[in-house]
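# Survey of secondary and tertiary structure
Each chain, written out:
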Amino acid sequence: MSHNNSIREIAWRQHTAGRPNSFFKKINDILDMYQLPSFNEIMNQHYNKLDWKNIVRTAISSHWTVKLKADCEEKSTLKLLSKRNLNIGQTHNVWDTISSPVKDVRKAATKVRMLTGTYMLQTLKVKFIQAEIDPTCPICKLEAEDLQHLLTSCPAYRHIRKSHFQQIKEYVVSKIGNSVWTINFNNKMAITELLIDCQSLVERNILPNDKMILRTIEMKSRDYCHLIHMKRMNITNV
Ligand SMILES: [Zn+2]
């Protein structure tokens, strides 16, 4: 009897003994959780190492992707995040577009906080810290300070909007045409979505599913969001 065969026999014996909390019971639970082939199938089918690795990688990724998407749908702070391209093992557009290290990472970090609903605006402070905090924008005092206000309305950032948002708009118009722009971007929520996670607009067929275009919008909007963030820091720290 070969060495491998005796190991197989021991494994079988242990498996059929089926003691709770045994190593083999745990293996069964894990196979079950990831919807992998059962212990019996694995023992009978002689998977080669590479095939088995691929089966496991795919099963684990899809299990956690499903869980991640379900979790994201439940979180109101993630409403601006496009769930379609969310996959375990793949980075979001916001990280994929980084080229020069330090500066871009800092900008992307600002963007990620906006994207994940953790960027500390007055409305978020009310939600997470204290109900007594006033959600009104501390700078213009015109309306509640949420992302939409920050990125599309607050007069404190008018200059940045004029120079940098204009560029983004011109770029998008050059790709989708003036009429598609006018129909779809006539409200501030759509503009906010474009700036925060343009991939959600691909899902609604407003933007073309073109990696180059989406990356360009991501890079331009990252600069825009970061400029606004820096200006906000400057004003609120004085
Ligand atoms: Zn304001």
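See the structure above.
Predicted model, so just to flag it, every value in this text is computed and none were measured. Chains are numbered independently. Their residues run from 1 in the order of the written sequence. This being a predicted model, a pLDDT of at least 70 is required before a residue's local features are given, and a value of 80 or more before pairs of side-chain atoms are given or counted; all residues contribute to the totals for chains, interfaces and linings. With hydrogens and water set aside, each side-chain value is computed from the structure's full complement of heavy atoms.

### A short note on the environment of Leu 86
The way it works is that DSSP assigns letters per residue, a run of H or I at least four long becomes a helix, a run of E at least two long becomes a strand, and they are numbered from the N terminus. Its location among the elements puts Leu 86 in the loop between helix H4 (49–74) and helix H5 (93–96). Considered as a pair, Leu 86 and Asp 96 are 10 residues apart in the sequence and their alpha carbons are 13 Å apart. When neighbours within four sequence positions are excluded, Leu 86 is seen to be in contact with Thr 65, Leu 68, Lys 69, Cys 72 and Leu 81. Should any heavy atoms of two residues lie within 4.5 Å, those residues are counted as being in contact.

### Some details on the packing of helix H11 (residues 188–196) against helix H13 (residues 211–237)
It is the contact of H11 with H13, at a shortest axis distance of 8 Å, that shows an interaxial angle of 105°. When the axes of H11 and H13 are compared, the pair comes out roughly perpendicular. In this structure, H11 uses Leu 194, Leu 195 and Ile 196 to contact H13, whose residues at the interface are Ile 217, Glu 218, Ser 221, Tyr 224 and Cys 225. Here the nonpolar group is Ala, Val, Leu, Ile, Met, Phe, Trp, Tyr, Cys and Pro; Asp, Glu, Lys and Arg are the charged ones; every other residue, Gly included, is treated as polar. The residue inventory of the contact of H11 with H13, partitioned by class, reads 6 nonpolar, 1 polar and 1 charged. Orientation is described by lines fitted to C-alpha atoms, with helices fitted over the stretch in contact, and by angles between N-to-C directions that extend from 0 to 180 degrees. By definition in this entry, angles of less than 35 degrees are roughly parallel, angles greater than 145 are roughly antiparallel, angles of 65 to 115 are roughly perpendicular, and the rest are oblique.

### What to know about the side chain of His 149
Structurally, His 149 is set in helix H8 (residues 147–153). Only protein chains enter the accessibility calculation, which uses a 1.4 Å probe; a residue whose area is less than 20% of its type maximum is buried, one above 50% is exposed, and one in between is partly exposed. Given a relative accessible area of 2%, His 149 falls into the buried group.

### Structural notes on helix H9 (residues 158–176)
Residue count minus one, scaled by 1.5 Å, sets the expected span of a helix. Counted at 1.5 Å a residue, the expected span for H9 with its 19 residues is 27 Å, and the 25 Å between its end C-alpha atoms agrees. One axis fitted to the seven residues ending at a residue, another fitted to the seven starting there: the angle between these axes is the bend at that residue. Along H9, the sharpest change in direction is near 30° and occurs at Phe 165. If you follow the buried residues of H9, they end up packed against H8, helix H10 (178–184), H11 and H13.

### Details of the coordination of the zinc ion
Tetrahedral coordination by four donors places them ideally at 109.5 degrees to one another around the metal; octahedral coordination by six donors ideally gives 90 or 180 degrees. Metal donors: N, O and S atoms at distances within 2.8 Å, or within 3.2 Å for Na, K and Ca, with water omitted from the atom set so that some sites may seem incomplete. Surrounding the zinc ion are the protein donor atoms Cys 137 (SG), Cys 140 (SG), His 149 (NE2) and Cys 154 (SG), at 2.1 to 2.3 Å. Around the zinc ion sit 4 donor atoms; with metal-centred angles ranging over 99 to 118°, the donor geometry is tetrahedral. Counting residues between consecutive donors of the zinc ion along the chain gives the motif C-x2-C-x8-H-x4-C. For the pair shown, Cys 137 and Cys 140 are each scored as buried. A site with four donors is called tetrahedral when every donor-metal-donor angle falls between 85 and 135 degrees; four donors are called square planar, and six octahedral, when opposite donors sit more than 155 degrees apart and all other angles fall between 65 and 115; any other arrangement is irregular.

### Considerations on the nonpolar core
Buried Ala, Val, Leu, Ile, Met, Phe, Trp, Tyr and Cys residues form a nonpolar core when they are joined through side-chain atoms within 4.5 Å. Ranked by size, the top nonpolar core spans 44 residues in total, and within it Leu 150, Leu 151, Trp 181, Phe 185, Leu 194 and Leu 207 carry the most contacts. Elements with a contribution of two residues or more to this core: helix H6 (101–115), H8, H9, H11, helix H12 (199–203) and H13. Ranked by the residues each element gives to this core, the list is headed by H9, at 7 residues. Here Leu 194 is in contact with Ile 168, Val 172, Trp 181, Phe 185, Leu 201, Leu 207 and Ile 217, once residues within four sequence places are set aside. Ranked by size, the runner-up nonpolar core spans 8 residues in total, among them Tyr 34, Phe 39, Met 43 and Ala 59.

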